[in-house]
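# Summary of structural features
Okay, here's what each chain looks like letter by letter:
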Amino acid sequence: YSSAASDVYKRQTLYREMMGPEQARLREALGPAMSHTLETASASAWIPLTTASVIFEEVSKIAFADSAQPIRALGEGMGRHNLTFVYRTVLRVIKPSFFVSQYKRLWGLYHRDGVADVVLQRGNGAVLTISQHPNIPMAFRECMAGWISQAMSLAGASQVWVVVEPEDRGVYLSLIHI
């Protein structure tokens, strides 16, 4: 199961900015193969989700060591970094509910596997799912929860909670309150 390498590719600059002098420590934690993936991934390549998850986890441990939820903090940082000026302008114009409605399409842009769906959207909340994608690593779930939280905040949501359901359910569920 794979994720678009653009996830990792876009973050190469972010990692360099966040890590600074800690880059050598990150390379050591990742080992040669994953360090090579992080440093050389092109935007058009696909990498295993498990590899991306390990990279996210190791980066978060170093870059957000003081955070109560380092992997979520990384996801939020990735959201701020990835959602450039153009996206931020669009996010200010649209409502959070529109962002939720695009969830399925956005998942498909960056992932080959899994089926995204909005199974409930009512009032100020939504339940988002990813099914038919066995064993999504918890680190990936938590990191994406941070990204979703940041994107929703940029779209004007004043309070956002993203709850990641236990891994053993086999479905990635996020409950978002806007």
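In this report, the structure presented in the accompanying data block is examined. Small disclaimer: the values here were computed from a predicted structure and weren't measured.

This paragraph deals with the packing of aromatic side chains. Any two aromatic rings considered together are summarised by their centre-to-centre distance and by the angle between their planes. Here the structure, examined in full by the defined rule, presents two aromatic pairs. With a centroid separation of 6.1 Å and an interplanar angle of 15°, the aromatic rings of Phe-56 and Phe-140 are classed as stacked. Within this pair, whereas Phe-56 is found in helix H3 (residues 49–63), its partner Phe-140 is found in helix H8 (residues 138–154), the two being separated by 84 residues in sequence. In this structure Phe-56 comes out as buried when scored by relative accessible area, which is 0%.

Here we take up helix H2 (residues 23–40). Its 18 residues place the ends of H2 only 15 Å apart at the C-alpha level, less than the 26 Å of an ideal helix rising 1.5 Å per residue. The sharpest bend along H2 comes to roughly 120°, located at Gly-31, with the proline Pro-32 sitting one to four residues further on. All of the buried residues in H2 are Leu-26, Leu-30, Gly-31, Ser-35 and Leu-38.

The next point concerns the nonpolar core. Across soluble globular proteins, nonpolar side chains have a tendency to be buried as a group. Core analysis: the biggest nonpolar cluster contains 40 residues, and Phe-56, Leu-74, Met-78, Phe-140, Cys-143, Trp-147 and Met-152 have the highest contact counts within it. Per-element accounting of this core gives the leading share, ten residues, to H8.

Tracing the backbone through its elements, the reader meets Gln-150 in helix H8. Look past the residues within four positions of Gln-150 in its chain and what remains in contact with it is Glu-76, Gly-79 and Arg-80.

Another point: the packing of helix H4 (residues 70–82) against H8. At a minimum axis distance of 7 Å, the contact between H4 and H8 shows a crossing angle of 45°. If you check the angle between H4 and H8, you find them oblique. Of the two possible hands of crossing, H4 and H8 adopt the one that is right-handed. Residues Ile-71, Arg-72, Leu-74, Gly-75, Glu-76, Met-78, Gly-79, Arg-80 and Asn-82 of H4 touch H8, and the partners they reach there are Ala-139, Glu-142, Cys-143, Met-144, Ala-145, Gly-146, Trp-147, Ser-149 and Gln-150. For the contact of H4 with H8, the per-class residue count stands at eight nonpolar, six polar and four charged.

Scoring rules and cut-offs
- Residues numbered from 1 in each chain as written.
- Predicted model: local features only at pLDDT ≥ 70, side-chain atom pairs only at ≥ 80, totals over all residues.
- Heavy atoms only, no water.
- Phe/Tyr/Trp six-rings, centres within 6.5 Å; stacked < 30°, edge-to-face > 60°.
- Helix = DSSP H or I, 4+ residues; strand = E, 2+ residues; numbered from the N terminus.
- Buried < 20%, exposed > 50% of the residue type's maximum accessible area, 1.4 Å probe, protein only.
- Expected span 1.5 Å × (residues − 1).
- Bend = angle between axes of the 7 residues up to and from the residue.
- Core = buried A, V, L, I, M, F, W, Y, C linked by side-chain atoms within 4.5 Å.
- Contact = heavy atoms within 4.5 Å.
- Axes fitted to C-alpha atoms, helices over the stretch in contact; angles between N-to-C directions.
- Parallel < 35°, antiparallel > 145°, perpendicular 65-115°, else oblique.
- Left-handed = near helix turned anticlockwise from the far one by under 90°.
- Nonpolar A, V, L, I, M, F, W, Y, C, P; charged D, E, K, R; others polar.

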